[in-house]
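Observations on chain architecture
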Amino acid sequence: MKIESVGLMLCAMVMAIPWAQSVSEGPKGVEEWFKELPIKKQKVTKLHFYFHDTTTGPRQTAFQIAESNISSTTVTQFGRTFMFDNPLTVEPDARSMRIGKGQGFFGAASFEEPRFLMNLNFVFTQGKYNGSTLQFLGTNPILHRVREMSIVGGTGVFRLASGIATAQTYFLNDTSSIVEYNLMVIHY
C-alpha cells in the first residue's frame, strides 16, 4: 500500500512540474498576464548555447530561398537569402543535449563586407524554457570576432523580452558553422 501511495505522489509531482514553469496560454491567459504586469518584477536571464548551421550535405539545415540578379557578381553575394532550422545544443558537439531550434532567415545585406540581415527565432524545446521563444532582428557582420544582436521580443516565459545576444564563431568550414551564443535577456 505504501509503494502505491509513493508512486501516486511521484506521478502527481511530475505532472505538476510543467504547470509550475509555464505561463497561461491563449487570449484569456495573455490578458490575465497583462493585468498582473504592474506588479511583476523584471528578471534578467543569462543563456548560453551553440547554434549549428549546415548549408550542404545530408544533414543540411539551411537552404537558399532567394537571390538578387546581382548576387553572383558581388564579393558579398548581396541579396542571397537562406532559410534555416538549426539545432541549439548545450555544448559545441552536435551530439550534446539539444535545447531547441534556431529558426529564421538571413540575407547578405552589404556591398562592403559580409554582413547578414538576420531574423532569428530561438525556439526552446527542453527544460524550464520549453515552449518559450526569443526573437532577434538585426545585422550580423559575420567576419567580426564577436557580433551583437538585439533581442526584440519573446513568448512564454520570455514575454516582452528585450536584451542583447552576442555571437562568436566557434567553428567554420565550407559546409557548416557552429556559433556560440551568450544572451542577456530582460523579461517579466
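Residues numbered from 1 in each chain as written. Predicted model: local features only at pLDDT ≥ 70, side-chain atom pairs only at ≥ 80, totals over all residues. Heavy atoms only, no water.

Take the overall build of the chain next. Assigned secondary structure in the chain consists of two helices and nine strands. N-terminal to C-terminal, the α/β element order of the chain is α-α-β-β-β-β-β-β-β-β-β. By residue count, 38% of the 188 residues in the chain fall in the buried class. The long-range share in the chain, meaning contacts at least 24 apart out of those at least 6 apart in sequence, stands at 49%. Roughly 11,700 Å² of accessible area belongs to the chain as shown, and the carbon and sulfur atoms make up 60% of that amount. (Helix = DSSP H or I, 4+ residues; strand = E, 2+ residues; numbered from the N terminus. Buried < 20%, exposed > 50% of the residue type's maximum accessible area, 1.4 Å probe, protein only. Contact = heavy atoms within 4.5 Å. Areas by Shrake-Rupley, 256 points an atom, 1.4 Å probe, with all protein chains shown as cover.)

Moving on, we get to the side chain of S71. By secondary structure assignment, the location of S71 is in the loop between β2 (62–66) and β3 (81–89). A polar side-chain atom of S71 sits 2.9 Å from the main-chain amide nitrogen of S68. From its side chain, S71 meets the backbone nitrogen of R80 in a polar contact 3.4 Å long. Sequence-distant contacts of S71, defined by excluding residues within four places in its chain, comprise Q77, F78, G79 and R80. (Polar contact = N/O pair within 3.5 Å; in protein donor to acceptor, adjacent residues only side chain to side chain.)

It is worth spelling out the pairing of strand β9 (residues 176–187) at this point. Of all 12 residues making up β9, nine are buried, and the element is well covered by its neighbours. The pairing of strand β1 (residues 43–54) with β9 spans 12 bridges and is classified as antiparallel. In the sheet register, F51 faces β9, and the bridge partner there is V179. As paired elements, strand β8 (residues 162–172) and β9 share 10 bridges and run antiparallel to each other. Of the residues in β9, the one forming a bridge with I164 is M184. Hairpin geometry of β8 and β9 is characterised by an intervening segment of three residues between the two adjacent antiparallel strands. (Pairing = 2+ DSSP bridges.)

Further remarks concern the pattern of salt bridges. Any two side chains of opposite charge can pair if their charged atoms end up close together. Counted by the stated rule, this structure contains seven salt bridges. A salt bridge links K35 to E32, with the nearest nitrogen and oxygen atoms 3.5 Å apart. Linking K35 with E32, this pair stays in helix α2 (residues 26–35), spanning three residues, or about one helical turn. Residue class for K35 comes out exposed when judged on its relative accessible area of 54%. (Salt bridge = Lys/Arg side-chain N within 4 Å of Asp/Glu carboxyl O.)

With respect to the helices and strands, K43 occurs in strand β1. It is 5.6 Å that separates the C-alpha atoms of K43 and Y188, two residues lying 145 residues apart in sequence. Look past the residues within four positions of K43 in its chain and what remains in contact with it is V185, I186, H187 and Y188.

This next bit is on the pairing of β1. Relative to β3, β1 runs antiparallel, the two being bridged by two bridges. What sits directly across from Y50, in β3, is T89.

On inspection of all chains with the given rule, the structure shows 17 aromatic pairs. By way of ring pairs, the aromatic residues F49, F51, F82, F84, F106, F116, F122, F124, Y129, F136, F158 and Y181 are connected into one cluster. (Phe/Tyr/Trp six-rings, centres within 6.5 Å; stacked < 30°, edge-to-face > 60°.)

Moving on: the environment of Y170. With respect to the element layout, Y170 can be found in strand β8. Look past the residues within four positions of Y170 in its chain and what remains in contact with it is Y50, P92, I178 and V179.

Okay, the nonpolar core next. Counting residues in hydrophobic clusters, the biggest one holds 29 residues, and the most contacted among them are F122, L134, Y181 and L183. Looking at this core, the elements that each hand over two or more residues are β1, β3, β4 (98–108), β5 (116–124), β6 (133–140), β7 (146–155), β8 and β9. In terms of residues, this core owes the most to one element, β5, which gives five residues. When residues no more than four places from it in sequence are discounted, the contact partners of Y181 are L47, H48, F49, F51, M118, L120, F122, M149, A165, T166 and A167. (Core = buried A, V, L, I, M, F, W, Y, C linked by side-chain atoms within 4.5 Å.)

Treat this as a map of the structure, not an account of what it does.
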